[in-house]
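Analysis of the macromolecular model
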Amino acid sequence: MMRFGTEEGAAGSRAWAVRTAGHVRVVAELMRRSRAEIQSTVHGTDTLDHEKTSRHTGGNVGEETTHGVKLAVHPQSELSSLRKWLTLTPGVEVHQEAGTPGSGEQGAFDTLSVVAGSTGLVAAIRVLPQYLRAKRSDVAVTVEVRGKKLTVDAKNVEEIMPILERLLDD
């Protein structure tokens, strides 16, 4: 039993304070890192390569390779809806990116950049059939994987999904 009025109690209190201070420093460092990552993304200085990046998954545990795909939805008014559906997938980061017009074009549509580990990315892509079935029949999603573009809609989703999954597995 600890008594705070004794030397034994005081030593126990100091040990507790040292342990707590150590935990606080660890939490503060994690918060600082997270804040810096958020700020770099918001200010456009995000150095994350959306095609392929390696990331540590927790100290010495190992490395996880993340992959990315780009999605465009037609009509463009459905972009925020698709983004909401995709963000429900655990372990998936979704970023909206401004479209860049090609030569001779006056404008371009925004796209979604989806980044995750390989299993998270497959899980995010598997959301597309449910999303398309829940929408109007004229909604289509163009998926760009490693430079290859495939357009998925409610009519061809059963044919295209296996191809997309194979591209993601490569």
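Report on the accompanying structure.

The rules we used
Residues numbered from 1 in each chain as written. Predicted model: local features only at pLDDT ≥ 70, side-chain atom pairs only at ≥ 80, totals over all residues. Heavy atoms only, no water. Axes fitted to C-alpha atoms, helices over the stretch in contact; angles between N-to-C directions. Helix = DSSP H or I, 4+ residues; strand = E, 2+ residues; numbered from the N terminus. Parallel < 35°, antiparallel > 145°, perpendicular 65-115°, else oblique. Left-handed = near helix turned anticlockwise from the far one by under 90°. Contact = heavy atoms within 4.5 Å. Nonpolar A, V, L, I, M, F, W, Y, C, P; charged D, E, K, R; others polar. Pairing = 2+ DSSP bridges. Phe/Tyr/Trp six-rings, centres within 6.5 Å; stacked < 30°, edge-to-face > 60°. Core = buried A, V, L, I, M, F, W, Y, C linked by side-chain atoms within 4.5 Å. Buried < 20%, exposed > 50% of the residue type's maximum accessible area, 1.4 Å probe, protein only. Salt bridge = Lys/Arg side-chain N within 4 Å of Asp/Glu carboxyl O. 1 Å grid on protein atoms, 1.4 Å probe; cavity = no way out; pocket = protein on both sides within 12 Å on 5 of 7 lines; lining within 4 Å. Points joined across faces, edges and corners; volume = space filled by probe spheres on them.

Re the packing of helix H3 (residues 118–125) against helix H5 (residues 157–169)
- Where H3 meets H5, the axes come as close as 10 Å, and the angle between the chain directions of the two elements is 165 degrees. Viewed along their axes, H3 and H5 adopt a mutual orientation that is roughly antiparallel. Seen from above, H3 lies across H5 with right-handed handedness. Of the residues in H5, those in contact with Leu121, Val122 and Ile125 of H3 are Met161, Leu164, Leu168 and Asp169.
- Of the residues assigned to the contact of H3 with H5, the class counts are six nonpolar, no polar and one charged.

Here's the deal with the pairing of strand E6 (residues 148–153)
- Across six bridges, the pairing between strand E5 (residues 140–145) and E6 is antiparallel. Counted as the bridge partner of Val143 is Leu150 from E6.
- Joining the antiparallel neighbours E5 and E6 is a turn of two residues, in which Arg146 adopts a positive phi near 50 degrees.

Some words on the packing of aromatic side chains
- For the coordinates displayed, the defined rule picks out one aromatic pair.
- On the basis of an interplanar angle of 80 degrees and a centroid distance of 5.6 Å, the ring pair of Trp85 and Tyr131 is categorised as edge-to-face. In this pair, Trp85 is assigned in helix H2 (residues 79–87) and Tyr131 in helix H4 (residues 128–134), connecting sequence segments 46 residues apart.

Notes on the nonpolar core
- Grouped together as the largest cluster of nonpolar side chains are 30 residues, with contacts concentrated most on Leu71 and Val143.
- With six residues, the single largest contributor to this core is H5.
- If we skip the residues at most four places from it in the chain, Val143 touches Val69, Lys70, Leu71, Ile125, Leu128, Lys148, Lys149, Leu150, Val152 and Leu164.

Some points on the pattern of salt bridges
- Following the criterion strictly, the structure yields four salt bridges and no others.
- Across the pair Glu158 and Arg133 runs a salt bridge whose closest N-O atoms are separated by 2.3 Å. With Glu158 in helix H5 and Arg133 in helix H4, this pair connects stretches of sequence that are 25 residues apart.

Side note on unusual backbone geometry
- Residues His74 and Pro75 are joined by a peptide bond in cis, for which omega reads 5 degrees.
- Examined against the element boundaries, Pro75 turns out to sit in the loop between strand E2 (63–74) and H2.

Digging into the layout of surface pockets
- Quantified by volume, the second largest pocket comes out at close to 250 Å³.
- Those elements that provide at least two residues to the lining of the second largest pocket are E2 and E5.
- If one sorts the elements of the lining of the second largest pocket by residue count, E2 sits on top with four residues.
- Split by residue class, the lining of the second largest pocket holds four nonpolar, five polar and four charged.

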